[in-house]
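Architecture at a glance
Okay, here's what each chain looks like letter by letter:
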Amino acid sequence: MIPKVRVRFAPSPTGGLHLGGVRTVLYNYLFARKYGGEFVLRIEDTDQSRFVEGAEDYIFNCLEWCGLVPDESPRHGGNYGPYRQSERKPQYREYAEKLVEKGYAYYAFDTPEDLEKMRNEFKTPENPSPQYDSKIRGKMRNSVTLGAEETAKLLEEGTRHVVRIKMPQEETVSFIDMIRGEVTFDTSLVDDKVLLKADGMPTYHLAVVVDDYLMKITHAFRGEEWLPSAPVHVLLWKYLFGLEAMPQWAHLPLILGPNGKLSKRDGAKYGFPVFAMNWTDPKTNELTEGFKEKGFLPEAFINLLALLGWNDGSEKELFTIEELIENFSMERVHSGGAKFDYEKAKWFNHEWIKKSDAAVLAPQVKQLLAENNISATDEMLLAVIDKVKDRCNLLPDFVQQAGFFFSNPTTWDTASVSPKWNEDKKNFFLTYINQLQSATDWSPVALETSFKEVATTAGIKPGELQLPFRVMLVGGKFGPPVFEIASILGKENTIQRIQKALEVF
RNA sequence: GGCCCGUUCGUCUAAGGGCUAGGACACCACCCUUUCACGGUGGUGAUACGGGUUCGAAUCCCGUACGGGCUACCA
């Protein structure tokens, strides 16, 4: 029987959720949905010193906004809980001790000062960062050097200690990565990573293996930055549960910023967001803007992230989440890192705004307008959104593109009008107002027809009058075709705007 | 420094030995439009380098260069 696909996303709740994290969630989610499996969210909070208030709530909010809701999590429950590693603390020690018993790990009593001393002592230009490895192991205070008796005594006395994996000498560890194929490591070159910390909490290395096993994870996806420690995890699987039970790994390529790996600390300093949603650091109160607040649609955000490192082999670029689920495959994930291109990201959003129904956009647009003290009437709003959404890349663009429909201009781009403004043109508009007063057909076509008739009668080229007309109605040189604007504005408001502008020009 | 991963237009990528290396974003030009967009047409622009293997290499192998990641009792 083929086991049911189970995947997990395991963030540490230490701050904002960035692009790469969301993409990892997305690939997990797509994979789980595609194969009818389950998507688990596990909180990796084994480092209590890095606990950040509100970070877990924030992660859930981001996932909800993205529409990537887990099947199992601290919030959603499930049969493999608890889903916070801090709440699973007791069981890790058991596995760590089992490893020590079998000779695959050992107790180490070195203090942080001892470690620092060791690093300084062995640091050379050729080896700037000495590792606690098989060569150094024999020179430190641990159960390998101290012997059974002394070790037992220290343990008895409650001496602070950690458990380290004893990396074997000159063994080759390899595994098949779903994206990269076979990856090979020489164990002699990997250090004796700490598995259980002095406070009794596991490190990531122990926790990820134990929990993936206990939670019956079948496929483990994570960022490429984990590749160097993969041999440790493979060995732990071998020692503890057997390689047959190990999930299939896929190490996702990194998403790069202008200067390498996009990290949480980069915030918005590149001129584009890196977090899914606004994040305020509770300690410094520093706010980092998110894609949501910047005006991205979640569908667009998901779409652009999916295509950053993956494609379906065709030239299709716009995908709904359903289409992504159907077409996704880990084998088609590109192995090289991808530099994030904000211009293209905006293009994706533009495309999604264009294909979204006005009714879907309406609540958000209304909110945005309200924030700018413009109250939009519902009757007009849908028509307006349909007219202007082609020219909006980000949601806030609607403020400029749609705002003038609901509030009369208070400033006018007179610089574009004045140079060619004259009495004849003013008279034209006076005449046109009269014409409009008695108009019964208020369609764009009718408005344009009468506009041209009056212009021709006055002996002025209609084209020369359109720009002033636009500035009268809009305030500036932007917006949809001018007669469509007038049509939506209605008779009273259109005439009112012309009269007002005539006083200013 | 060591280890690991990677390398096709400026950017994201297609082409799993075989036509003039395709598409998208961005950029430029033209068309449409007497605003700005949308749309349409066209254009500039890439296989890092050197060796092999092969009738034939972007594709397979080796080396070099470059880029990235890791090198914590962080994840």
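**Brief notes about the sheet that holds strand S3 (residues 105–108)**
Across the sheet, which stays open at both edges, the three strands sit in the order S3-S4-S7 with antiparallel pairing between neighbours. Lying at the two open borders of the sheet, with one neighbouring strand each, are S3 and strand S7 (194–196). Within the sheet, the average angular offset between the axes of one strand and its neighbour, ignoring direction, is 40°. With two bridges joining them, strand S4 (residues 162–165) and S7 adopt antiparallel strand pairing. Bridging from a neighbouring strand, Val163 pairs with Leu196 of S7.

**Quick notes on the packing of aromatic side chains**
Two aromatic rings are characterised by how far apart their centres lie and by the angle between their planes. Enumeration according to the criterion identifies 36 aromatic pairs in this entry. Geometrically, the ring pair formed by Tyr58 and Trp279 is edge-to-face, given 4.9 Å between the ring centres and 70° between the ring planes. With Tyr58 in helix H2 (residues 55–66) and Trp279 in strand S12 (residues 279–280), this pair connects stretches of sequence that are 221 residues apart. Trp279 shares its class with Tyr58; the two are buried. Taken together, a centroid distance of 3.6 Å and an interplanar angle of 5° make the contact between Tyr104 and Tyr239 stacked. Here the residue Tyr104 occupies a position in the loop between helix H3 (89–101) and S3, and Tyr239 occupies one in helix H8 (residues 230–240), the gap between them amounting to 135 residues. Among the residues examined, Tyr239 registers a relative accessible area of 8% and is labelled buried.

**Remarks on the protein's contact with RNA strand B**
Glu126, Arg180, Lys197, Glu317 and Arg391 are the nearest of the 61 residues found near RNA strand B. Looking at RNA strand B alone, sugar and phosphate atoms form 67% of those within 4 Å of the protein. At 2.8 Å, a backbone N or O of Asp110 approaches a base nitrogen of RNA strand B. Within the contact set of RNA strand B, a sugar or linking oxygen lies 3.1 Å away from a backbone nitrogen or oxygen of Asp390. When residues of the surface near RNA strand B are traced back to their parent elements, those giving at least two are helix H4 (112–122), S4, strand S6 (181–186), strand S14 (338–339), helix H12 (342–355) and helix H18 (462–474). Counting residues per element, the surface near RNA strand B draws most heavily on H12, which supplies five residues.

**Regarding the environment of Asn373**
For Asn373, the position within the fold is in the loop between helix H13 (358–371) and helix H14 (378–388). Sequence separation between Asn373 and Ser188 is 185 residues, and the spatial gap between their C-alpha atoms is 66 Å.

**Side note on the nonpolar core**
If you look at the biggest cluster of nonpolar residues, it comprises 61 residues, and the most contacted ones within it are Tyr27, Phe301, Met330 and Phe340. In terms of residue count, helix H1 (residues 19–34) provides more of this core than any other element does, nine residues in total. With near-sequence residues (within four places) excluded, Met330 lies in contact with Tyr27, Met178, Ile179, Phe221, Ala250 and Leu252. One finds Leu297, Leu369, Phe405 and Val474 within the second-largest nonpolar core, a separate group that totals 55 residues.

**Focus on the pattern of salt bridges**
Inspection of every chain in the model, using the stated rule, returns 30 salt bridges. Measuring nitrogen to oxygen at the nearest pair gives 3.3 Å for the salt bridge that ties Arg42 to Glu44. As far as burial versus exposure is concerned, Arg42 and Glu44 are alike and both buried. Across the salt bridge formed by Glu448 and Lys452, the nearest N and O atoms sit 2.9 Å from each other. Here Glu448 and its partner Lys452 are both found in helix H17 (residues 444–458), four residues apart, which amounts to about one turn of the helix. Overlapping salt bridges bring together Glu56, Asp57, Arg75, Arg84 and Glu87 as one network.

**Let's talk about the environment of Thr411**
Along the chain, the position of Thr411 falls in the loop between helix H15 (397–406) and helix H16 (423–437). The spacing of Thr411 and Val183 is 228 residues in sequence and 65 Å in space, taken between C-alpha atoms.

**Examining the packing of H16 against H18**
Where H16 contacts H18, the axes come no closer than 11 Å and their chain directions differ by 65°. Looking at the two axes, H16 sits roughly perpendicular to H18. Judged by the sense of rotation from one axis to the other, the crossing of H16 with H18 is right-handed. Contact residues: Lys425, Phe428, Phe429 and Tyr432 in H16; Glu464, Leu465, Pro468, Phe469 and Met472 in H18. A per-class count over the contact of H16 with H18 returns seven nonpolar, no polar and two charged.

**Observations concerning the sheet that holds strand S11 (residues 260–261)**
Note on sheets: strands pair through backbone hydrogen bonds, and any given pair is parallel or antiparallel. In space, the three strands of this open sheet follow the order S11-S10-S14, with mixed pairing throughout. Two strands lie at the open edges of the sheet, namely S11 and S14, each paired on one side alone. Here two bridges tie strand S10 (residues 255–257) to S14, and the two strands are oriented parallel to one another. Within S14, the residue paired with Ile255 across the bridge is Ala338.

**Observations regarding the confidence of the model for chain A**
Here chain A averages 94 in pLDDT, while 99% of its residues score no lower than 70. Two numbers describe this predicted complex: its pTM, 0.95, and its ipTM, 0.95.

**Notes on H13**
An ideal rise of 1.5 Å per residue puts 20 Å on 14 residues; H13 measures up with 19 Å between its terminal C-alpha atoms. The largest bend along H13 reaches roughly 25° and is located at Gln364. Taken residue by residue, H13 has Ala358, Leu361, Ala362, Val365, Leu368 and Leu369 as its buried positions. Residues of H13 that are buried in the fold lie against H12, H14 and H15. Positive phi shows up at Asn373, right after H13, with a value of about 60°.

**Focus: the side chain of Ser450**
Tracing the backbone through its elements, the reader meets Ser450 in helix H17. Given the relative accessible area of 13%, Ser450 is considered buried. A polar contact is formed between the side chain of Ser450 and the backbone oxygen of Leu447, at a distance of 3.1 Å. When residues no more than four places from it in sequence are discounted, the contact partners of Ser450 are Tyr432 and Gln435.

Reading the values: rules and limits
- Residues numbered from 1 in each chain as written.
- Chains lettered and ligands numbered in written order.
- Predicted model: local features only at pLDDT ≥ 70, side-chain atom pairs only at ≥ 80, totals over all residues.
- Heavy atoms only, no water.
- Pairing = 2+ DSSP bridges.
- Helix = DSSP H or I, 4+ residues; strand = E, 2+ residues; numbered from the N terminus.
- Axes fitted to C-alpha atoms, helices over the stretch in contact; angles between N-to-C directions.
- Phe/Tyr/Trp six-rings, centres within 6.5 Å; stacked < 30°, edge-to-face > 60°.
- Buried < 20%, exposed > 50% of the residue type's maximum accessible area, 1.4 Å probe, protein only.
- Near = heavy atom within 4 Å.
- Polar contact = N/O pair within 3.5 Å; in protein donor to acceptor, adjacent residues only side chain to side chain.
- Core = buried A, V, L, I, M, F, W, Y, C linked by side-chain atoms within 4.5 Å.
- Contact = heavy atoms within 4.5 Å.
- Salt bridge = Lys/Arg side-chain N within 4 Å of Asp/Glu carboxyl O.
- Parallel < 35°, antiparallel > 145°, perpendicular 65-115°, else oblique.
- Left-handed = near helix turned anticlockwise from the far one by under 90°.
- Nonpolar A, V, L, I, M, F, W, Y, C, P; charged D, E, K, R; others polar.
- pLDDT = per-residue confidence, 0-100.
- Expected span 1.5 Å × (residues − 1).
- Bend = angle between axes of the 7 residues up to and from the residue.

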